[in-house]
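Coordinate inspection notes
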Amino acid sequence: MTAAATRSTAHSIVEASPRTKAFAGGLVILYAVITILPLLWIVATAFKSQSDAIAYPPKVIFEPTLEGYVNLFTVRTRQTPDFIAKLPPPETWYDQLVRKRDMVIAGPSKVVPRFVNSLIIGFGSTFLAVFLGTLAAYAFSRFRIPLADDLLFFILSTRMMPPVAVAIPIYLMYRQLNLTDTRLGMILLYTAVNVSLAVWLLKGFIDEIPREYEEAALVDGYTRLQALRKVVLPQAVTGIAATAIFCLIFSWNEYAFAVLLTSGEAQTMPPFIPFIIGEGGQDWPAVAAATTLFVVPIVMFTVLLRKHLLRGITFGAVRK
Amino acid sequence: MAQIRIENLRKSFDRFTAVEGSTFTIDDGTFFAMLGPSGCGKTTTLRMIAGLELPTEGKILLDGEDVTFHRAAARDIAFVFQLFALYPHMNVGENIGFPLKCQGMARREIRERVQETARMLRIEHLLSSKTSKLSGGDRQRVALGRAMVRRPKAFLMDEPLGALDAEFRHLMCGELRDLHDRIKATTVYVTHDQLEAMSMADQIAVMNKGRVEQIGTPQEVYDRPASMFVADFIGSPPMNFLRFEGGVRSGDRAVSFHDTRLVVPEIREDRASAPLALGVRPEHIRFADAGAVRGEVFGAEYLGTTQIVTVDTAYGRVAARLPSSASVQIGETIGLEFNADRLALFDIGSGLAIRTASEEGPRHG
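Residues numbered from 1 in each chain as written. Chains lettered and ligands numbered in written order. Predicted model: local features only at pLDDT ≥ 70, side-chain atom pairs only at ≥ 80, totals over all residues.

Turning our attention to the overall build of chain A. The helix and strand tally for chain A stands at 16 helices and four strands. Over its C-alpha atoms chain A spans a radius of gyration of 26 Å, topping by over 25% the 20 Å that the globule rule assigns to 320 residues. Within chain A, buried positions represent 32% of all 320 residues. Of the contacts formed within chain A by residues at least 6 apart in sequence, a portion of 77% connects residues at least 24 apart. (Helix = DSSP H or I, 4+ residues; strand = E, 2+ residues; numbered from the N terminus. Rg over C-alpha atoms; globule rule 2.2 N^0.38 Å. Buried ≥ 20, exposed ≤ 12 C-beta atoms within 10 Å, placed from the backbone. Contact = placed C-beta atoms within 7 Å.)

Following this line, the structure appears as structure tokens:
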């Protein structure tokens, strides 16, 4: 009893008790499981056969196959067993896999160009949005701009309209400008949407950097742009990284505009994935394989910038 | 090293005027302090001299050359900030060498100059340290080093000791003055702390509401304040003001203060009857039974060698600085006697001092 009493008096208001810590840890793990489970299910589905993928009750234990990935990357035609028997022996493991199901590979699918489109449009628009956003945020943060507050609100207001509401006018404009189904068009569109986010986020970060740093550099011999590049930017890296991740996640995942404005040339992954059709309907393992691949770049990018992102989210909360 | 001349300098932001038409010259090699309460325009003036802010009107001349619209970098001036503004991603040596790197100086020469500067500031042992590990005083030394290394025409300092604690501030005051005596660079030093200004400066400009109220040596500003604002702002406790109504004529050696005559320094200007104030520093008050002004002791504040005794009189509360040995009872009625040579007179309407024999010379800004 006395031991318990001492322990309770030694209770610190800053340091959580072991029981609280365990409880908090449990909550975090539970949340992680809930969020990661669907992702794991997708990764697993990509390795299932078509029948396993739609089996009911769902199969947790199954025989893994690469069929889903092969189907994702190829276009196949069904042939008679006689025709297949007459063919020279299969050259590769995936030829063999396909022929087992009475099919031959007719050529590569469109997944690679679609993926490349996603990469170019996603990273291109992110770069542009962060670049323009940094310059604009710096200007808003440092200079006396007439009607600065109204301009900032105007910039934010471009985000208030749901994509569906502006989709048709944008479609009409893009048709006039011959920008429909072009990578440039998509980059411009996503940049326009992201730049408002970038300006607001980065302004907050740049406001936190004391202006004395660049003023010292200005007095010491730098021009305004040099001071921005060599003194302000190194200190704003955290904010830039966090902003870049948010911008990339948006343009990478964007679906509504992509469906409306792209169909061939510039189609990105989000509108492509749901229409991967196999025999007799949706080819779920191939869809799951595409989804898995689709998630990889964003995970890599986030992990690479993780350190900055964590600091970025808590930045400004504590005065250093 | 250079002379700095400010002509009719004015700066307004939207509808607010920060600096209002000041004109003054800072001579080569002077330690010049700009002193005033916050928002008086001293920092804005300094930033205009540095080129970080462009004036709305007026001129800034460096050694006779008009630099009003030159880029900050083109003025060859160094600026020391209150928050030091050391670049966090560079170590001490890189910070000090940064201005030279900006100029594109050869690496070897930079190293030599950085060494020399560090030796002068006695921070050689810190050259490869991270700036975040330094104490406040050392950070300020590094900031000074970064300013000195370029051997600029002038140093501008914006409350450079404001972020230090009292102990370091006192130490750095001595170091700054010592440094100035060694390198003899024109220095403009902005502060709201009268002790810093008084202890270091050759010349002090007291500013209020965007105007320079008075420029003079610390002694002039203290002994012969040009306005009630200066008299009130400088000195702790500030000068006492005793109001009365009256007129003065050039040559008078006394004024009618209510129903008595008070001897004052010989008056040098004529004034029609108006509300006036008699200005007297706490240390120029003695307790004497025969004193012209009588009052009741309100309280005493012991300060070691002296004590500040506040007395309620018919003309307001008066603070007197007495030796701490004097015994004073709270509530007792005493007479106050003033040191006639050191009295000042002010016109309450304009706030300006009335010229007397002791006040000849103070310039009005």
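Residues and elements named next belong to chain B. Mapped onto the elements of the fold, Asp-341 is located in the loop between β19 (333-338) and β20 (344-347). Put simply, Asp-341 and Thr-68 are 273 residues apart on the chain and 44 Å apart in space, counted from C-alpha to C-alpha. Discounting chain neighbours no more than four positions away, the residues touching Asp-341 are Pro-265 and Ser-358.

Okay, the sheet that holds strand β14 (residues 271-280) of chain B next. All names here are of chain B. Spatially, three strands are ordered β11-β14-β20 in an open sheet, and the strand pairing comes out antiparallel. Each edge of the open sheet carries a strand with a single partner, namely β11 (240-248) and β20. With strand direction ignored, the average angle separating the axes of adjacent strands in the sheet is 35 degrees. Sheet topology note: the β11/β14 ladder contains eight bridges and is antiparallel. For Arg-243, the partnering residue across the bridge sits in β14 and is Ala-277. (Pairing = 2+ DSSP bridges. Axes fitted to C-alpha atoms, helices over the stretch in contact; angles between N-to-C directions.)

All right, on to the nonpolar core then. Formed by 139 residues in total, the largest nonpolar core has its most connected members in Phe-79, Leu-156 and Val-188 of chain B. At 13 residues, the largest contribution of residues to this core is made by helix α12 (residues 224-253) of chain A. Phe-47, Val-111, Ala-289 and Ala-290 of chain A belong to the second largest nonpolar core, which has 17 residues in total. (Core = buried A, V, L, I, M, F, W, Y, C linked by C-beta atoms within 7 Å.)

Before going further, it helps to spend a moment on the interface of chain A and chain B. Each partner contributes to the interface: chain A provides 13 residues, whereas chain B provides 17 residues. Looking at side-chain class alone, the side of chain A that touches chain B contains eight nonpolar, two polar and three charged residues. (Nonpolar A, V, L, I, M, F, W, Y, C, P; charged D, E, K, R; others polar.)

The next subject is the domain arrangement of chain A. Examined at the domain level, chain A breaks down into domain 1 (66-109) and domain 2 (112-270 + 294-313). On a C-alpha basis, the centroid separation for the pair domain 1 of chain A and domain 2 of chain A is 43 Å. (Domains from an automatic or database assignment.)

Further remarks concern the pairing of β14 of chain B. Bridge count for β14 of chain B against β20 of chain B is four bridges, and the pairing is antiparallel. Across the sheet, Leu-276 of chain B pairs through a bridge with Asp-347 of chain B, a residue of β20 of chain B.

This brings us to α12 of chain A. The end-to-end C-alpha distance of α12 of chain A, which contains 30 residues, comes to just 37 Å, noticeably less than the 44 Å that a straight helix rising 1.5 Å per residue would cover. Leu-233 of chain A marks where α12 of chain A bends most, by close to 60 degrees; the proline Pro-234 of chain A follows one to four residues later. (Expected span 1.5 Å × (residues − 1). Bend = angle between axes of the 7 residues up to and from the residue.)

Residue and element names in this part refer to chain B. In spatial order, the strands read β2-β1-β4-β5; together these four strands make up an open sheet with antiparallel pairing. The open sheet is flanked by β2 (16-26) and β5 (65-66), the only strands paired with a single partner. Across the sheet, helix α1 (residues 42-50) touches β1 (4-13), β2 and β4 (57-62), and the angle it forms with β1 is around 115 degrees.

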